Amino acid sequence: MSAALLMTGTAMAQTPIIIKFSHVVANDTPKGKAAERFRELVEKNLKGRVKVELYPNSTLYKDKEELEALQLGAVQMLAPSLAKFGPLGVKEFELFDLPYIFPGKDVLYRVTEGPIGKDLFKKLESKGITGLAFWDNGFKVMSANKPLKTPADFKGLKMRIQSSKVLDAQMRALGANPQVLAFSEVYQALQTGVVDGTENPPSNLYTQKMHEVQSNVTVSNHGYLGYAVIVNKKFWDGLPADIRTGLEAAMKDATKYANAIAQQENDKALEAVRKTGKTDVYVLNDTEKAEWRKALLPVRKDMESRIGKDLINSVVKEAATLGYK
């Protein structure tokens, strides 16, 4: 009996902790590559005590399902886009959806790596979620089957958006009709004409082959898309302290990697779209950018009561500190 108990105890001690890490984009995107880097670091540093199982491309859960699955403990880790937290009831995260709120990546990182980012993560705790890191995925381009050079070009277009009141207001400000769709459904919706266009960082557009069903892409950099790596709070708090420390170290390194490759991957994706010869890639000139900004900046004022005027102003102050007007 003693021998049997010893063998059982040894087997239990060797059973690794499983972290199911689900996300909705392809493996060869910045998020997909960063998730793989995290998995490798965890298994190397924690020497088999933790096993990270990756489920990319909505193979486990779709957009609308994944946060609920995390809260229920059916999956332990996600990296949803920041727009997902508004529908969850944490409206402050829609700050990241505001058009032209980040004049540069330096301002973005001051926000995500500073007190503002930490305060935003604290707001998730009441939802049973612990925030671990912000992962960058760059600024967005617009796409459609017609040139999009001025706000007037959007009039009447059905544009796919994530479920965000800010993105809804953004498209309406351009004269478009916003349509909320899960990311995994966008390609087919574009192909069949359910929607006319969408917005995405180039890496998402290219890896999901959206350019194959969109004849025009406009490099507008009008908005930002990033991710929050989050875990089920009960699961996280229940881990041994040394395991948590090891996971935090792996996440820190994976985050540096994610943020380092984001722009590079988007640049490569945009060039790949150009090389297909099937999609016209247009870069807004200064006059056109000014026209877009004029059309979209009122969204910031309109969303003050939803997101918080003080929070929005804190980002504007960070930008001013870095010399942006």
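As a starting point, this report considers the structure included with it.

Cut-offs used in this document
- Residues numbered from 1 in each chain as written.
- Predicted model: local features only at pLDDT ≥ 70, side-chain atom pairs only at ≥ 80, totals over all residues.
- Heavy atoms only, no water.
- Helix = DSSP H or I, 4+ residues; strand = E, 2+ residues; numbered from the N terminus.
- Rg over C-alpha atoms; globule rule 2.2 N^0.38 Å.
- Buried < 20%, exposed > 50% of the residue type's maximum accessible area, 1.4 Å probe, protein only.
- Contact = heavy atoms within 4.5 Å.
- Areas by Shrake-Rupley, 256 points an atom, 1.4 Å probe, with all protein chains shown as cover.
- Core = buried A, V, L, I, M, F, W, Y, C linked by side-chain atoms within 4.5 Å.
- Pairing = 2+ DSSP bridges.
- Axes fitted to C-alpha atoms, helices over the stretch in contact; angles between N-to-C directions.
- Arc of directions from axis to C-beta.
- Polar contact = N/O pair within 3.5 Å; in protein donor to acceptor, adjacent residues only side chain to side chain.
- Salt bridge = Lys/Arg side-chain N within 4 Å of Asp/Glu carboxyl O.
- Phe/Tyr/Trp six-rings, centres within 6.5 Å; stacked < 30°, edge-to-face > 60°.
- Lys NZ or Arg CZ within 6 Å of the ring centre and 35° of its normal.
- Parallel < 35°, antiparallel > 145°, perpendicular 65-115°, else oblique.
- Left-handed = near helix turned anticlockwise from the far one by under 90°.
- Nonpolar A, V, L, I, M, F, W, Y, C, P; charged D, E, K, R; others polar.

Digging into the overall build of the chain
Okay, step 1: Scanning the chain for helices and strands turns up 14 helices and eleven strands.
Okay, step 2: The globule rule puts the C-alpha radius of gyration for 325 residues at 20 Å, and the 21 Å found for the chain is close to it.
Okay, step 3: Across the 325 residues in the chain, those meeting the buried criterion constitute 52%.
Okay, step 4: Taking as baseline every contact in the chain between residues at least 6 positions apart, the subset at least 24 positions apart corresponds to 76%.
Okay, step 5: On the chain, roughly 14700 Å² of surface is accessible, and the fraction owed to carbon and sulfur atoms is 51%.

Some thoughts on the nonpolar core
Okay, step 1: Counting 44 residues, the largest nonpolar core has Phe21, Phe38, Val42, Met77, Trp135, Val229 and Leu247 as the members making the most contacts within it.
Okay, step 2: With eight residues, helix α10 (residues 241-276) is the largest single contributor of residues to this core.
Okay, step 3: Apart from the residues within four sequence positions on either side, Met77 is in contact with Ile19, Lys20, Phe21, Ser22, Phe38, Leu70, Leu132, Val229, Ile230, Val231 and Met251.
Okay, step 4: In terms of nonpolar packing, the next biggest core, distinct from the first, is built from 38 residues, Leu95, Phe134, Ile230 and Ala319 among them.

Re unusual backbone geometry
Most peptide bonds take the trans form, and the phi angle of most residues other than glycine is negative.
Okay, step 1: Even without being glycine, Asn57 reaches a positive phi, approximately 55°.
Okay, step 2: Counting through the fold element by element, Asn57 comes out in the loop between β2 (50-55) and α3 (63-72).
Okay, step 3: With a phi close to 60°, Ser58 is a non-glycine residue in the positive phi region.
Okay, step 4: Judged by its relative accessible area of 13%, Ser58 falls in the buried class.

Side note on the sheet that holds strand β8 (residues 197-200)
Okay, step 1: Strand order across the open sheet formed by six strands is β7-β6-β8-β5-β9-β11, with mixed pairing between neighbours. Looking at the sheet topology across the chains shown, the edges are occupied by β7 (177-180) and β11 (280-283). Each neighbouring strand pair of the sheet contributes to a mean axis angle of 25°, computed without reference to strand direction.
Okay, step 2: Pairing of strand β5 (residues 141-144) with β8 involves three bridges; the strand directions are antiparallel. Residue pairing across strands places Ser143 opposite Thr198, the latter belonging to β8.

Some points on helix α4 (residues 105-112)
Okay, step 1: Within the sequence span of α4, burial applies to Lys105, Val107, Leu108, Val111 and Thr112. End-on, the buried residues of α4 take up no more than an arc of 155°, which puts them together on one face.

Re the side chain of His222
Okay, step 1: As for its placement among the helices and strands, His222 is situated in the loop between β9 (216-219) and β10 (224-232).
Okay, step 2: A distance of 2.6 Å separates a polar atom in the side chain of His222 from a polar atom in the side chain of Glu199.
Okay, step 3: When neighbours within four sequence positions are excluded, His222 is seen to be in contact with Pro99, Tyr100, Lys140, Val141, Met142, Gln170, Glu199, Trp292 and Leu296.

Some points on the pattern of salt bridges
Okay, step 1: This model, assessed by the stated rule, comprises 17 salt bridges.
Okay, step 2: The shortest N-O distance in the salt bridge between Arg306 and Glu94 comes to 2.6 Å. Taken together, the residues span a long stretch of sequence, with Arg306 in helix α13 (residues 304-307) and Glu94 in the loop between β3 (77-78) and α4 at a distance of 212 residues.
Okay, step 3: The partly exposed category is assigned to Arg306, whose relative accessible area is 23%.
Okay, step 4: Of the charged contacts, one joins Glu271 and Arg274 as a salt bridge, the two residues approaching to 3.5 Å between their closest N and O atoms. One end of the pair is Glu271 and the other is Arg274, both in helix α10 and three residues apart, which spans about a single turn.
Okay, step 5: A relative accessible area of 34% places Glu271 in the partly exposed class.
Okay, step 6: Connected through shared salt-bridge partners, Asp63, Glu66, Lys84 and Arg160 make up one network.

Looking at the packing of aromatic side chains
Okay, step 1: By the definition in use, this model includes nine aromatic pairs.
Okay, step 2: With a centroid separation of 4.4 Å and 10° between ring planes, the pair formed by Phe121 and Phe134 is classed as stacked. Pair noted here: Phe121 is in helix α5 (residues 115-122) and Phe134 is in strand β4 (residues 129-139), with a separation of 13 residues, a long-range link.
Okay, step 3: Each residue in the set Phe96, Phe102, Phe121, Phe134, Phe139 and Tyr224 is aromatic and connected to the rest through ring pairs, giving one cluster.
Okay, step 4: Over the ring of Tyr257 we find Arg37; its NZ or CZ atom is 3.8 Å from the centre of that ring.
Okay, step 5: Positioned above the aromatic ring of Tyr100 is the side chain of Arg293, whose terminal nitrogen or guanidinium carbon lies 5.1 Å from the ring centre.

Some remarks on the environment of Thr287
Okay, step 1: Mapped onto the elements, Thr287 comes out in helix α11 (residues 286-296).
Okay, step 2: For Thr287, a relative accessible area of 63% gives the class exposed.
Okay, step 3: Taking the C-alpha atoms as reference points, Thr287 and Thr150, separated by 137 residues in sequence, lie 9.9 Å from one another.

Observations concerning the packing of α4 against helix α14 (residues 309-321)
Okay, step 1: Two elements in contact, α4 and α14, have axes separated by 9 Å at closest approach and are oriented at 130°. In terms of their interaxial angle, α4 and α14 are classed as oblique. Crossing of α4 against α14: the hand is right-handed. Taking contact as the criterion, the partners of Val107, Arg110 and Val111 in α4 are, on α14, Val315, Glu318, Ala319 and Thr321.
Okay, step 2: Grouping the amino acids of the contact of α4 with α14 by side-chain chemistry returns four nonpolar, one polar and two charged.

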